[in-house]
Each structure stands twice: as structure tokens, then as C-alpha cells.
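Each chain is listed here by its residues.
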Amino acid sequence: MPPKQRQSLRPPPMRRSATPLPGMNMTRSVLPAEIIATILDYLPVRDLLSFARVSHRLRDMVYDDTRWVTKLQLMEVWNETEARKRFEDAMWKKRAADAAKRAAEEKKFAESRAAAAAGKGITVFDAVEESEKAKAAAATAAAAPAATAAVTAGLDLMSVSASGTEISRPALMDKGSLLTVLKSVRSIRGFARHEFGRIYGALGPLYLDLVMASTHADPIVFQMYRDPEEQAQMLAQLKRFAEYDTAVGWSERTDRLKAMMEVFENAALREFEGGFDTEDIDGRMKRYANVLILLNGGQACIQLFVQKHPVLYNKEELGNPMDCFDDSTEGTFSLEPAKVFWQKLAEVLKKQASIIERVFPQEVNVMLPFVERVAEDVISEYVTPVLDEAHNRDVETYLKAVTGLLKQSVDFGDSLQPVLCKVSADGTAKEVLNVLMRVFDAHVDLYLQEELDYCKKKFSEEVETWGKIIQRQDEATESFFMSNVNREAEKRDFLTTFKKVILAPVSVIPSAFGNVRPTSVISTIDSRSVSDTPYATDQDWNANNNNRASVISNSSEDYFANRNRALSVASGLSGRASPAPSVMVAPTSELAAKAAIINTKLQGISGLFSLDVALKLVHMAKESLERAAVFAKTGGQTGEEAREQCEAIFVALLQVLGPRHVKAGFDKAVEHLGKYNPREVAHTSNGVAPLVTFLELVNIGDLIQQMIDVFYEQELVAARLTDRNDFLNPAAKEKKRFEQMLDERVAAGLNVGIDVLIDELEHIFATTQQVTDFNPGALGEVGAAEKRQTMDIGPSPTAVRIVEIVETHTKLLTGSTDKNVLDVFNQEVGLRLFATVCKHIKRQRISIDGAIRLISDVNLYNSYIEGLKLRPLIPYFTALRELTQIYLIDPEHAKQMATVIADPQRFGGIFRVEEVYEYATRREDWYRVKKDVERAMYGIGCSVM
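Small disclaimer: the values here were computed from a predicted structure and weren't measured.

**A few points about the overall build of the chain**
Along its length, the chain carries 38 helices and four strands. Going through the 945 residues of the chain one by one, you find that 44% of them count as buried. A separation of at least 24 residues holds for 80% of the contacts in the chain among residues at least 6 apart in sequence. Approximately 50300 Å² of the chain is accessible, and the part contributed by carbon and sulfur atoms is 53%.

Laid out in C-alpha cells, this is it:
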């Protein structure tokens, strides 16, 4: 181009202004870029285009991609995840292209080097290659203006006059593509302005035309589209498109758009209502429901559909809440009328579900709002009067009513699941169940508190009733035993009676293993203690007292019949059966009567707490948990509160069953056991009666603990009402406290029981061990000869009975207590048995002939101890076996006897030399060998003086 022509294209030089006036400041202020960018956010699109033509800097600010991304995000058509993925794919392709280009250049360069190495010339200029490069550059330059023109066409679809008020109407072509323009938007970084321009070119004129229309007939959108479905679809698009509008006056334009849409919505809603009234389900209802759903989701037609349903106004046809109460019979409550109510309501909802399926698409949830309205206006107005009336009448009725109606409500929701899954999206069935549960939210707090209070009250009443019956039973028994006592005669002949009672203690005939109270016990007094009675024989006494036997009320007999059946479980653990009840007879001596009363209390230890009572309490707790667990399964805040209340019910059970029943029973048992005196009762071959009954009480306590364990695992842990691994959980803490209390009471009772057992053993040793067992010579030479001929080499009957009694009582604990407790008990019994045997030997006179019987007895004790498999006990009885050998040494071998006595290692440190010497003094011939033994001990350097 000639220089002159290029010069003419330049803009004319700016005319210089006149000389500034004196004092005029020519400095111009410049706005910061941040303020300018904020101003751009409030400019309409046409002003943005004009603004971009001012300078390159302002153009860059207008063309900034984030500005247009923001507008697309306001219209909810920009997907950032898709944009990121597209960008990463583009970068990957670019890197792959660059790598391929570098590889081609390297290959070409390598070929050139190879050609040069071969002696060929290198072509510096390739005309063909340069021609292809020139054509590619020209194509790129031609494409750029075309793209710019396309964008400009997209942004400049409006023809704005000088005044800016006239708008040209878009051409009526390709109307179908305009309905889906928002769905066709692509999320590509760097092209957000292009995408917005395409949307604005399609919807901008329609939007501005709609907001400037004076009547609903003026907008061109209603002229372009005649079908209500297309009109609703376009209006919905324009509503989304209007979200980008942040320019001045946006609120007025938005209000005009909403008003126009409301006019359209009301018209469509009238058509839908007309179809509802004429039951045109598949025609007008279905069509205009679809129109309203396309417009704004169809909430208006859904609400209209729900509100006009007849079930909301004819709810009385479903049932009367007061039908659950039978006024003719006081306290009668039935859930059958409620069951009929739920059945009728289910039929209504199933019929309504079929209509919903025909009218509305499945992705629109209509069933849930309908159920919500039914729950609020129908179900709640049926349930609330029933519960209020039940609460006013009786707490137990209220508890049954709440859980019964709740369970029926859950079953009602389950019966609707097939229908809900058919007409609604996934998850609606669970939401419907939550809606039904909200009906009971107003009653949850009151129910849970009433449930807990009711449980505590019933638990306490059951234990108190049992305690009162026991107390009445004891009072009746004491009154019976004292009925024949003549107080005046006792005062006159007190010393005589006292002497006779002391010399001949009271004899209690019934089995020591009996599990029944004194009402089923035969009690008689030895004839020697009642020789001064006016009755000549026992038959006369019994005949006179036949009418005195029935002193217990029928209610007590019924209660104890059940209690004895429960106690027979514990009795069965030791393989014994309870004795058959017999007729009681009352003594006439006050001391004899008091002794009989003590005996009956000792025999009744096993009835101090009842397995039957524990079972009743557990059943009560189970019923309460089953009721409260229905709320726990609902989840949410209500479910959590119900779960905590279930734990509180379990805690209340243990607090009543533990301290008030089991612990109190064990304390009384220990108290009665401590009063046992074996010298005041008759003895049988069965063992120590009060200790046997206490061990049976331990068995019952073990059964109760096992029952609680099973109840805790099945009703709380398995039902996920508590967490056994949470050491801070109140249910777990209370259960551990209950078990600890039981172990402590058992240990305390066993400690007293060991004392009682040892007292019994000492009494047996003192009363049954014959002098001639260990010293046949005590009968004289003739008697001794006869004794030797008839004497058995085996252990004495006393030793056999001692081992039987100890073994019987230790076996009673097997399987009912912890192994560690059992080992401690057996070890203590073994040590106390060792001390008792040693004390008993020190009281005897033992001859050489009697030493064989003594050794047999000690061997029997040792065999029993070895059977216990307790290693700490074995050295004691081994030493005792060695000790008994000193009674076999012939008097002529005094030195050998002295060696045995003086050997401290022989007895493993169990016996000192002084103790062995003391045992040696119990030899029958000790005074004959004493000097020789002491002389021999002195000779070997040992002296016990």
C-alpha cells in the first residue's frame, strides 16, 4: 500500500484544547480495576458489548471467562466437573500432539544428518513445503474472522435503535431447538462466553419481550408455541435464563416474569381441577399435570390433588376412636376397631395410588405429600383421642394402646410398600414410615416416662408382695409353734423345763434338703423334753393338734406352690427331691418352740429369694422392652430416646431384683446361718441342713444370674438396644454391679458356711467317734479281744461320714459359681478340715492296735483332698499321714520314736518338733515310754522342755 494511502487510514490527530485557565488541575483520576470489574457485573449485555469496544484492556475484562461462567452457573447449566474433565483431556491431547511433533522433527533432523553423512547436499529451501505452510497460515487467518463473526452474530441478535427501546422479533424458525437450548450447553473452559452468547441469542429476545408485555396475550412466546406443554417448557427455560439478569431493574423484570407464569399456572390448574371434578383421569388431569410439572415441578397440582380428596372430609366413615373402649365393661380396651380403621384406610390409599400412577410420572413423588396430609388430618385425629382416653382410664391400658397403635401403624406402612415402590421413587417407603412415626411424636416423651415408672412400680409391688407373704408365713409359723405353750406353767416349772431342754435338744424330723417353708415341715420334740406334758403318748399329742395344722391362708399356699416349683430347679441341681408335705405339730415348751422356730428359719434359707419372682420380673421387663423397642426401631431422635429408655428399664430391673430381693435374701441367709448350733438340732445322714439350703440358695442365685445374662444378650444386645462394648453404658455398668453384688454375697455366705460346716464336723467327731475306735484296750482285755476280732481294718464310720458331708457340700457349688471362688472355698474347707482333724487327734488316746484305724481315717481324708486337685492342700495331709506313723512304733523302739519326733524335715515344715511331741503324748502307752523317748531325744540333741 502506498505511504499516502496508509497515512489516510490513520485517525486524524486530536485537536489540542485551548490553553488551560490559570489554576486548572489537568490530572485525571483512574478507577481501580476491581471497581471497574464490579461495575461490569451490573451492566446489561448490550452495554458489555459497547464497553468491550473502548480499549483492549476493557475488552479483556469483558471477555474474561470467569465472568461468563458465573452467569452460566446462575442459570445452573455449567458443570464444573465436566469442564475440568474436558480441560484435562485437551491438555493430554496437546501434550500427545507436541510429543508427536517433536518426534517427527527429530526424525527429519536425523534423516538430514544421515543424508549429509552420505555425501548428499542439504536443501536449504524447499518450495513445496513452504507453499503448504503458507496455505495453512492463510486458512487460519480466514477462520478467525469467521469465528469472530459467529460470536458477534450470537451476541448482536438484537437490533437496538438510537433510543434503545425497539426490539426486533426473532424469526419463527427452528422452534423445537429453542425448547432444549439450555440442555445443549457444553461446559468448556475458555468457551463460556461463546455458550452464553448462543443461549442469549435464543432466549434473550423472548425474555425481554415477555417482561415488557402489558397483557398475557402480547408476549411472542405464546404466539410461537400453541401447545401448553411447549409453552410451559419455554417459560421454565425463561425462568432459569432470568437468573443471569443482575443489571439495574432486575427485580421488576423478575416480578413481571413471575406474574406471567402465575397467570399461565392458574389457567393450567383450572384445567386440571376440571378434569379432577369430571374424573377425566387419563385426559385433562394427566395432560395438565404434565404441563404443570414442566412449568415448575407441579407442586400446585399436587397440593390441589391432595386437598380435594374425599377421605379428608369423610374421615368418620373409617371408624370412631371411642369404639376401642367398651363402656359396658369397665377397663376393657380392644384394638380390633383400630385394626378395621387401618384396613379401610389402606384400601383408600391403594385406590388413590392407582390414580396417581395414571396421572403423574413416577419421578414425581405425589404419594408422600398425600400420606403426610392423611397422617395429619386423619390418622392423628384418630390416634390422639384413643391415647388421651386410655391415659385417663389406666396407665397399663395407655401403654398397651400406644404400642398397639404404633405397631398397627408400622404394619400399615409395610402393607403400602408394594404400592409405594410402584408409584414413587426409591426411598419413599421409608419416608412414609417416618411420616407415620411423626404422628406419635407428641406422645413419645409421656409414653417413655410412663413406661419406666410403670416398670419400677410393678417390680417393687411384686417384690413387696412376695416379702409380705413370707412375713405372714413366718408369723403364722411362729404363732403355731407358740400356740401350745402355757406361759404360767413355764414360769412355775422353768428350771425343770430348762434342764430337760438342755439335756435333750429339739429334734426336727424333716429332710435337711427340703426347699419348703415351715408350713410343710414335720416338727416334733423329743419325748424326754416333754415328759411333763398332760399327754401320755405322742399319738395323744398329735390327735389333739390335728386341728391346729392349717394356719396359713389360701393365698399364701397358692403363692408358695409356685415358689416351691421354682426352687425345685435348684434342688434338682444336686440330685435331690423335696420331701412330701406332712402335718405339723406344735410343742408345749417355750424353749422347745423357740428352738423349733430357729430350725424352721434355718431350713427356710433357700426360700429367702425366689426364682419364680425373678422370672416374673424378667417377663415384666421383657414386655416393657418389646413395647419400647417399637419406638427404638424408628430411628432418629425418637429412636435414640427409646433406646436409652430400654436401658433404663433394664437398670430398674436389676436395681429391684438385686439389692431389694437377692441381696436382702442373702443377708438374711447369712444371718440365719450364723445362728446355727449343731448341738441344738437332730442330725441326719444328709449333712448340715442350713449349709445345704444356703448352697441351694447359691444355685438359685446362679440361675438368676444366668437368666439375666440371657435376657441381656437376647433382648438388649441382639436387638441393638445397647452396646456391650461400651464400658460407660448404664445397662452394662448395672449388670456388672449386679454380678459383683452376687459374688460378694456368695463369698460372705460361704465364709459363714465354712464355720457352720466345721462346727458340724466337730460335733460329729465329738458325738460319733467311739473311744474304742483308736484304743480297743479301753474295754478291758476281754472286750479288747472281742473288738479286735470284729474290728474292720478300714476307716471308722465317723471318718466316712465326715468325708461324705464335706464332699457333699463342696459338690453343691460345682457349676453354680466361678471356678476361682470354688477353688478358694475348697481350699479353705481343706485347711479347716486339717485343723479339725488335728484337734480331734489331740483329744484321743491311741494305741498300737487303734493306730491302724487312725491311719485308715487319715488315708481317707488324704484321698479326698487329692481328688480336689488343689496342690497347696496336699502337703498338709501328707504330713498328717507321716505323723500317724508314730502311733505304730513299738514301745521298745523308743529311740526310733525319738528320731521321728525330732526330725523337722520329715513333715515338710507343717509340724514343729514341739507339735509332734504333743501328738506323741496321745499314745496309750506314753507314760511307759515317755522317759525313754525324752532320753533318746536328749541324746540326739533335741529337747522339747
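Still more to cover.
**What about the packing of helix α9 (residues 192-212) against helix α12 (residues 250-277)?**
Orientation of α9 relative to α12, taken along the N-to-C sense of each, is 85 degrees, at an axis distance of 8 Å. Between α9 and α12, the interaxial angle falls into the category roughly perpendicular. For the pair α9 and α12, the contacting residues are Tyr207, Leu210, Val211 and Met212 in the first and Arg253, Arg256, Leu257 and Met260 in the second. In the contact of α9 with α12, the residues fall into six nonpolar, no polar and two charged.

**Comments concerning helix α36 (residues 894-902)**
Within α36, the full set of buried residues consists of Ala894, Met897, Ala898, Val900, Ile901 and Ala902. On its buried face, α36 is in contact with α37 (913-920) and α38 (926-939).

**Let's talk about the state of the cysteines**
All chains considered together, the criterion is met by zero disulfides. Lacking any disulfide linkage, Cys455 is separated from the closest cysteine sulfur, that of Cys646, by 9.6 Å.

**Focus on the environment of Cys646**
Note that Cys646 resides in helix α27 (residues 636-674). The spacing of Cys646 and Ser624 is 22 residues in sequence and 8.0 Å in space, taken between C-alpha atoms. Those residues within four positions of Cys646 in sequence are excluded, and the remaining contacts are Leu625, Ala628, Ala629, Leu716 and Leu721.

**What about the nonpolar core?**
Counting residues in hydrophobic clusters, the biggest one holds 234 residues, and the most contacted among them are Leu345 and Phe360. Dropping the residues within four chain positions of it, Leu345 is found in contact with Val311, Leu318, Val374, Val378, Ile379 and Phe412.

**Quick look at the packing of α12 against helix α13 (residues 281-296)**
Between α12 and α13, the shortest axis-to-axis distance is 8 Å and the interhelical angle comes to 155 degrees. Classified by the angle their axes make, α12 and α13 are roughly antiparallel. Where α12 crosses over α13, the two elements pack in a sense that is left-handed. Residue-level contacts link Met261, Phe264, Glu265, Ala268, Leu269, Arg270, Glu271, Phe272, Gly274, Gly275 and Phe276 of α12 to Arg284, Met285, Tyr288, Ala289, Val291, Leu292, Leu295 and Asn296 of α13. Among the residues forming the contact of α12 with α13, the class breakdown is 12 nonpolar, three polar and four charged.

**With respect to the confidence of the model for the chain**
Residue-level pLDDT values for the chain average 75, and 72% of them are 70 or greater. Across the chain, the element-wise mean pLDDT spans from 31 in strand β4 (residues 523-524) up to 92 in helix α35 (residues 874-884). Predicted confidence is poor over residues 1-21, with pLDDT under 50, and the contacts of this stretch with residues over four places away or in other chains come to three contacts. For residues 143-173, every residue scores under 50 in pLDDT, and the model assigns this stretch 27 contacts once sequence neighbours within four places are set aside.

**A short note on the side chain of Glu715**
Note that Glu715 resides in helix α28 (residues 689-717). At 4.1 Å, Lys622 is the nearest oppositely charged side chain to Glu715, a buried residue that forms no salt bridge. Once residues lying within four places of it in the same chain are set aside, the contact partners of Glu715 are Lys622, Leu625, Val710 and Leu721.

**Here's the deal with the pattern of salt bridges**
In total, this model carries 41 salt bridges according to the counting rule given. Asp667 is the salt-bridge partner of Arg745, the closest N and O atoms lying 2.7 Å from each other. Of this pair, Arg745 sits in helix α29 (residues 730-768) while Asp667 sits in helix α27, and the two are 78 residues apart along the sequence. Among the residues examined, Asp667 registers a relative accessible area of 28% and is labelled partly exposed. Put simply, Asp932 and Arg935 hold a salt bridge, and the shortest N to O gap is 3.1 Å. Taken as a pair, Asp932 and Arg935 lie in helix α38 at a separation of three residues, close to a single helical turn. For Arg935, a relative accessible area of 53% corresponds to the exposed category. If you follow the salt bridges from partner to partner, you end up with Arg186, Glu195 and Arg198 in one network.

**Digging into helix α5 (residues 65-74)**
When α5 is considered as a whole, its buried residues turn out to be Asp65, Arg67, Trp68, Val69, Lys71 and Leu72. Positioned one or two residues after α5, Glu76 has a phi angle of 60 degrees, which is positive.

Cut-off values and rules
Residues numbered from 1 in each chain as written. Predicted model: local features only at pLDDT ≥ 70, side-chain atom pairs only at ≥ 80, totals over all residues. Heavy atoms only, no water. Helix = DSSP H or I, 4+ residues; strand = E, 2+ residues; numbered from the N terminus. Buried < 20%, exposed > 50% of the residue type's maximum accessible area, 1.4 Å probe, protein only. Contact = heavy atoms within 4.5 Å. Areas by Shrake-Rupley, 256 points an atom, 1.4 Å probe, with all protein chains shown as cover. Axes fitted to C-alpha atoms, helices over the stretch in contact; angles between N-to-C directions. Parallel < 35°, antiparallel > 145°, perpendicular 65-115°, else oblique. Nonpolar A, V, L, I, M, F, W, Y, C, P; charged D, E, K, R; others polar. Disulfide = S-S within 2.5 Å. Core = buried A, V, L, I, M, F, W, Y, C linked by side-chain atoms within 4.5 Å. Left-handed = near helix turned anticlockwise from the far one by under 90°. pLDDT = per-residue confidence, 0-100. Lys, Arg positive; Asp, Glu negative; His and termini not counted. Salt bridge = Lys/Arg side-chain N within 4 Å of Asp/Glu carboxyl O.

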